[in-house]
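Take a look at the letters that make up each chain.
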Amino acid sequence: MERTFAIIKPDAVERNLIGKILDKTESAGFVVAGMKKIHLSVEEAEGFYYVHKDRPFFNDLCSYMSRGPIVVLVLRKNDAILAWRTLMGGTNPADAEAGTIRKEFGLSIGENSVHGSDSPESASFEIPYFFSQLELV
Ligand code: IDP
Ligand code: MG
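Residues numbered from 1 in each chain as written. Chains lettered and ligands numbered in written order. Predicted model: local features only at pLDDT ≥ 70, side-chain atom pairs only at ≥ 80, totals over all residues. Heavy atoms only, no water.

Student: Residues and numbers for the nonpolar core, please.
Tutor: Residues Phe5 and Met65 are the most contacted members of the largest nonpolar core, which totals 21 residues. Filtering out sequence-adjacent residues up to four positions away, Met65 remains in contact with Ile7, Lys9, Pro10, Leu40, Ala45, Tyr49 and Ile70. Of all hydrophobic cores here, the second largest spans 18 residues; its members include Ile8, Leu22, Val71 and Met88. (Core = buried A, V, L, I, M, F, W, Y, C linked by side-chain atoms within 4.5 Å. Buried < 20%, exposed > 50% of the residue type's maximum accessible area, 1.4 Å probe, protein only. Contact = heavy atoms within 4.5 Å.)

Student: Give a detailed account of the site of ligand 1, specifying residues and quantitative values.
Tutor: In the vicinity of ligand 1, the contacting residues are Lys9, His52, Arg55, Phe57, Leu61, Arg85, Thr91, Arg102, Ile109, Gly110 and Asn112. The side chain of Arg102 places a nitrogen or oxygen atom 2.9 Å from an oxygen atom of ligand 1. Here an oxygen atom of ligand 1 sits 2.9 Å away from a polar atom, N or O, in the side chain of Asn112. About the coverage of ligand 1: the protein hides 79% of its 520 Å² of free accessible area. Classifying every residue of the shell around ligand 1 gives 3 nonpolar, 4 polar and 4 charged. (Near = heavy atom within 4 Å. Polar contact = N/O pair within 3.5 Å; in protein donor to acceptor, adjacent residues only side chain to side chain. Areas by Shrake-Rupley, 256 points an atom, 1.4 Å probe, with all protein chains shown as cover. Nonpolar A, V, L, I, M, F, W, Y, C, P; charged D, E, K, R; others polar.)

Student: Please set out the environment of Leu136 residue by residue, giving values where relevant.
Tutor: On the secondary structure map, Leu136 appears in the segment after α7 (120–130). If we skip the residues at most four places from it in the chain, Leu136 touches Arg3, Ala33, Gly34, Val74, Ile127 and Phe131. (Helix = DSSP H or I, 4+ residues; strand = E, 2+ residues; numbered from the N terminus.)

Student: Which residues make up the packing of aromatic side chains, and what are the values?
Tutor: Here the distance between the centres and the angle between the planes together describe a pair of aromatic rings. Overall, the coordinates contain 8 aromatic pairs when judged by the stated rule. Aromatic pair Phe48 and Tyr49: ring centres 4.8 Å apart, planes at 75 degrees, arrangement edge-to-face. You'll find Phe48 and Tyr49 in the same group, each marked buried. Between Phe125 and Tyr129, the aromatic rings sit 5.6 Å apart at their centres with planes inclined by 45 degrees, giving tilted as the arrangement. Taken together, the residues span about one helical turn, with Phe125 and Tyr129 both in helix α7 at a distance of 4 residues. In textbook terms, an aromatic cluster arises when at least three aromatic residues are bridged by ring pairs, as seen for Phe5, Phe48, Tyr49, Phe125, Tyr129 and Phe130. (Phe/Tyr/Trp six-rings, centres within 6.5 Å; stacked < 30°, edge-to-face > 60°.)

Right, here's the structure in full:
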């Protein structure tokens, strides 16, 4: 089974949506391999989103991602990376497919409730950014 990295972002944690999002996640066949609730500093958010450092929304993104707690997750499933991107829906909730997490819970293109690795290379950077081997089952 493949592993992917996911985040329940501050907008969703603030609205007490952790349980609802995990319910959709487990119902879709993902196994939670690692999970914790943390509160990033701006610097830690910048390190995580380093690939986006030249994009115009970078500062807004890092201040949003550090404004409150998040839940970081490692999920296991066959083709987990693609399957989680599909369950999340497109970046802008307004354009996301019906039934996706972002369509159901996302507020805007910035505050879109969840993150997911976009490739095996991203997952290999993102998983160890937050989890040690001992924390994954
Ligand atoms: P993704 O999360 O669907 O992979 P990316 O393009 O990797 O989308 O962007 C990372 C995150 O940056 C998005 O999930 C969203 O929170 C934020 N973001 C992306 N595009 C915009 C934008 O045009 N305005 C504001 N925030 C954005
Ligand atoms: Mg992305």
